[in-house]
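# Per-entry structural report
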Amino acid sequence: MKAPKRFFVKLFASNPEVVDAEEFVPVFQRWIQENFAPDELIIDVADYKHVPQGPGIILIGHDGDYAYDFVHGKVGLQYTFKQVKVESLEEAVSIALKRVVTAIEKAEAEDALNGITFDKTKVQITFLDRLNYPNDEETAKATGEALTPLAKSTLGGGVTVDLTQSDPREPLTIVFEGEPISLNTLATA
Amino acid sequence: MTSWKEKLQGIMPDDLAREIDVFEGQMELRKQGKLAENVFAETRLRRGAYGQRYDNGQRHDGVETRELNFPNDDLYKGPDTYWDAPGMMRIKLPFGGLTVAQMNVLADLADEYSDNILHITTRQDIQLHYIQIDDTPDLMRRLAAVGITTREACGNSVRNITACERSGVCHDELFDVTPYSDAMAQFLLGHDDVQDFGRKMKIAFSGCEQHACGLVKMHDIGFLARTVEKDGETIKGFMVFVGGGLGTVPHQAKILADFVAEDKILPLSQAISRVFARLGEKQNRNRARLKFLVAKLGIEEFRRLVQEELEILPEDEQHTAYIEEKLPQYAETPARQGLTLNGAPLPDDFYDWYRTNVYKQKQAGYSLVTIKLPLGDLTSWQMRQLADVAEEYIGDNVRVTVEQNIVLRWVSDKDLPEVYRALNAIGLGSAGADTIVDITSCPGTDTCKLGIASSRGLAGELGKRLEAKRAELPQAVEDLKIKISGCFNSCGQHHVADIGFFGNSRRSGNHKVPHFQVVLGGEWHNNAGSYGLAMGAVPAKLVPDVLEVITNTYVAERDEEENFQAWVERKGKREMKDLIKPYMELPTIEEKPQFFSDWGDSRIYSIADIGIGECAGEVVSLFSMEISRAESEHFDALIALDEGDYELADKRAYNAMILAARALVRTAFLDVGDDPDVIVNEFKTRFYDTQLFFDRFAKGKFAGYLLNRHENPFENVNEDNAHQTIEEAQLFIEATHAAEGRINGVIVS
């Protein structure tokens, strides 16, 4: 399938209670100073912790945004891929997964984030492209099928795919669940 | 389906579709280098596509200023503005009106093109941030498909036309001004006579005089509902104000006409526009708003010119067509019958919310519900869910407000508990609307190119602290308004708050300290009836303490029923300044390092990474001493103004500028002496002509205040021009602080 114009991948926090969202502000600001993503242009930190179930703390980039996000009350770390230059959906998702998992591993190693960990067995992918990825059954099925090989190679052969859609106005969302994902499995995927 | 353009063909109004195609063509021309940067900049501004912080490709990351290497590093969308840098999209909503369909589309746009947040502005617009310019044509098409245009949302044109969110349901209004504001918006949109302004023009409508309503006294043109009886008939019309505005130097509007009948307001606005386009300043954009033209000509001469223009205005059937075609049909349709709130079980905390967020409409059985948005923000999901709430309970009767909230009109009283539950379920059920906890703030340093201090960071902190003790707040404090701007440009409308703050900075040693000027005694009611005055700058981190001391003293000392403005007036500026003086001391970074970061930011606000020698240190010390004389003189000018001695106020404000200029001149030329002519000449030669005084955005604007006042003193000083000199002196002193910091080795982020 052709890559969407924009989408995000999100992994959920296992223990969000251990850290206040605002602690991500200095961490993200330091990541900018350290040039933590040398292949990307990172611009700024946006703080939306005041918005209930909102996008939380965002590390704004040109290519994509990293966010400690609480949308729908599900706290997690997500990467929104905004400048998708590759042609295929699978390749785009693969890049986004590597980026978010890199950020997660870095976040988990941050003392200031007090031992936060993320559930690496479940990956949510949300397609912010209603023109090419409308939230309907047909698109969900086709997208799920197109991404299953990648999901199997990164989350193991026993991966499950949840195509359940709620409000059709919300962007199309697919959840894969399997074995824990890591940079190692992504490298060989 | 390959594109939004194809998908929405036939759904978008033809004229809007065509305009967007033209804009897309202009984008292509710019990419090919066939359209000049500055021409394209104004073009995109007039389409609502605005710049955003860091779009010049530079960012101070807390350690150093670094280049942001945007992909197309030789393509610009305006002078010093990279094509690929994220920008802001302003979406104008005449009178703040929103339909359910529009809410759903706006939600989609926020998650597909922005950062999932919709931000309500102080002029009933919605802003989306971090937008890529290449996405804007499709974004505009999707808006056009639901009847929204971004045309003239920014740029030197007629901006969004605002109106009180209670229009049509208010007990105190003379009549509903909504259809008039809408007619005005349609008439002036893209009109030939509003295309050649030196600056923007803001228009507002009010239905009543006593409330904040449409804030007509702080607008370029304000229409205040009036009726007259003639031959036994009631004729609707408006008192018309012109030349108001906040900005760096606030002006109270003047009355242009006591009564203009409804069939004359469109030609009148056209005539004003023609006079403004013809005689308004075009070269110096700092003096180009209508308020400066009105002040320069005087209201009588301005009135005469407008009348003259009216007499030669070409006939246009649009001037009156709306009266027959639109006014009779205009009506809002409630979704449900208006019924009373009876003995149904009520959710927890319902009464707290009901007390502050519900306004009983003049129509029996209906209420207006205010949704208090934190910092004016809501998410895409919230907007979508809110659209559902609207559809179920009220229909298309939604408006955004100048206090950065959303109101649901025509809620049946019987449904209030259910509406409260529904809003709570989506995180929009906070109580405290229109109270001290409902703080207004501009974007400030978060996204604005001009922001000096973090207005949103401060607003968030104050809101959190006040919210925690809201239940215990005395009524007199709960009723206060707090408004915050990130700089002197007043987008947060700090001049018309009881307690306002605007961002600036001070130097301590080799570092900058984020500060906020404390502005007290502005009046939100009476259509922004009077403006507050700056009392002194305090470090950003001390603002919560300053707020507490001001409110505690107010509660302790106020006479029964005395409001905040009256208390400030009675207490006098000297005593008010004494209240905040203990907080104005500048610590060193070693003493209080936390003062050197802004709210919501862990980084040092600014770091001087070059050493300052002893000599420079002495110079700094001398400057600090001398600039404080300028600040004292400025304060005395305020006192003189307070006492009605306008001539003295003007003179002292001018002296304050001379002293500030002298302080700066003496950093380079110690023997400048005291002669104002010599000081101004030295200042001009050393700092103005060399552009050392200029900052990146304001350029020589603030120096112009001194040079102009020195060359052209007022012949007759009145309250207005004394006030103007005082405001200008304040800004000149601030600019002198900033210039000294830049020149003497502090890194300014």
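Residues numbered from 1 in each chain as written. Chains lettered and ligands numbered in written order. Predicted model: local features only at pLDDT ≥ 70, side-chain atom pairs only at ≥ 80, totals over all residues. Heavy atoms only, no water.

### Comments concerning the sheet that holds strand β21 (residues 482-485) of chain B
Residue and element names in this part refer to chain B.
- Pairing is mixed in the open sheet, where five strands are placed in the order β20-β21-β22-β23-β24. Of all strands in the sheet, those bounded by a partner on one side alone are β20 (440-441) and β24 (533-539).
- Direction of pairing for strand β22 (residues 499-508) relative to strand β23 (residues 511-520): antiparallel, over a ladder of ten bridges. Paired with N504 across the two strands is H515, which belongs to β23.
- Packed onto the sheet, helix α14 (residues 455-468) meets β20, β21, β22 and β23 and runs at close to 155 degrees relative to β21. (Pairing = 2+ DSSP bridges. Helix = DSSP H or I, 4+ residues; strand = E, 2+ residues; numbered from the N terminus. Contact = heavy atoms within 4.5 Å. Axes fitted to C-alpha atoms, helices over the stretch in contact; angles between N-to-C directions.)

### Quick word on the packing of aromatic side chains
- Summed over the entire model, instances satisfying the criterion amount to 40 aromatic pairs over all chains.
- Note on Y66 of chain A and Y79 of chain A: the rings are 4.7 Å apart at their centroids and 55 degrees apart in plane angle, and the pair reads as tilted. Here Y66 of chain A is found in strand β4 (residues 64-69), whereas its partner Y79 of chain A is found in strand β5 (residues 76-81), with 13 residues between them in sequence.
- Residue Y66 of chain A is classed as buried on the basis of its relative accessible area, which comes to 2%.
- When its relative accessible area of 0% is taken as the criterion, Y79 of chain A is described as buried.
- Between W353 of chain B and Y420 of chain B, the ring centres sit 4.7 Å apart and the planes meet at 35 degrees, which makes this aromatic pair tilted. Of this pair, W353 of chain B sits in helix α11 (residues 350-357) while Y420 of chain B is found in helix α13 (residues 416-425), placing the two residues 67 residues apart along the sequence.
- Among the residues examined, Y420 of chain B registers a relative accessible area of 4% and is labelled buried.
- Over the ring of Y359 of chain B we find R166 of chain B; its NZ or CZ atom is 3.9 Å from the centre of that ring.
- Its end group placed over the ring of Y654 of chain B, R709 of chain B keeps NZ or CZ at 4.6 Å from the ring centre. (Phe/Tyr/Trp six-rings, centres within 6.5 Å; stacked < 30°, edge-to-face > 60°. Buried < 20%, exposed > 50% of the residue type's maximum accessible area, 1.4 Å probe, protein only. Lys NZ or Arg CZ within 6 Å of the ring centre and 35° of its normal.)

### A word on the interface of chain B and chain A
- Across the contact, 48 residues belong to chain B and 37 residues belong to chain A.
- With both sides pooled, the region where chain B packs onto chain A buries about 3400 Å², and carbon together with sulfur makes up 51% of that total.
- On the chain B side of the contact with chain A, E112, Y130 and W381 of chain B bury the most area, a combined 16% of that side's loss.
- Linking chain B with chain A are seven salt bridges.
- R130 of chain A is the partner of D108 of chain B in a salt bridge, and the nearest nitrogen-oxygen pair spans 3.3 Å.
- Looking at the side of chain B that touches chain A, the elements that each hand over two or more residues are α1 (4-7), α4 (100-113), β17 (377-379), α12 (380-393) and α14 of chain B.
- When grouped by side-chain class, the residues that make up the side of chain B that touches chain A number 15 nonpolar, 14 polar and 19 charged. (Buried area = accessible area lost by both parts, 1.4 Å probe. Salt bridge = Lys/Arg side-chain N within 4 Å of Asp/Glu carboxyl O. Nonpolar A, V, L, I, M, F, W, Y, C, P; charged D, E, K, R; others polar.)

### Points about the environment of D545 of chain B
- Considering the arrangement of structural elements, one finds D545 of chain B in helix α17 (residues 543-557).
- Distance in space between the C-alpha atoms of D545 of chain B and E6 of chain B is 57 Å, their sequence separation being 539 residues.

### Topic: the pairing of strand β6 (residues 122-127) of chain A
Residue and element names in this part refer to chain A.
- Burial of β6 is extensive: five of the six residues sit out of reach of the surface.
- Of the pairings in the sheet, the one linking strand β1 (residues 7-12) to β6 comprises four bridges and is antiparallel in character. Note on β6: the bridge partner recorded for F8 is T126.

### Notes on the sheet that holds strand β12 (residues 221-230) of chain B
All names here are of chain B.
- The strand order across the open sheet formed by five strands is β10-β11-β12-β13-β14, and the pairing between neighbours is mixed. The sheet terminates laterally at β10 (162-163) and β14 (254-261), the two strands that pair on one side only.
- Both strand β13 (residues 233-242) and β14 contribute to a ladder of five bridges, which runs antiparallel. Note on β14: the bridge partner recorded for V240 is A257.
- Here helix α9 (residues 299-312) sits on the sheet and contacts β13 and β14; the angle it forms with β14, its principal contact strand, is near 35 degrees.

### Section: the packing of helix α7 (residues 265-279) of chain B against helix α8 (residues 290-297) of chain B
Residue and element names in this part refer to chain B.
- Where α7 meets α8, the closest approach of the two axes is 10 Å, and the angle between their N-to-C directions is 85 degrees. The orientation of α7 relative to α8 falls into the category roughly perpendicular. Where α7 approaches α8, its residues I272, V275, F276 and L279 are matched on the opposing element by L290, L293 and L297.
- Looking at the contact of α7 with α8 residue by residue, the classes come out as seven nonpolar, no polar and no charged. (Parallel < 35°, antiparallel > 145°, perpendicular 65-115°, else oblique.)

### Side note on the confidence of the model for chain B
All names here are of chain B.
- Mean pLDDT over chain B works out to 92, with 97% of the residues at or above the 70 mark.
- Within the model, pLDDT remains below 50 along residues 607-621, and this stretch shows 20 contacts once partners closer than five positions in the same chain are excluded.
- Prediction confidence for the complex, expressed as pTM and ipTM, is 0.89 and 0.97 respectively. (pLDDT = per-residue confidence, 0-100.)

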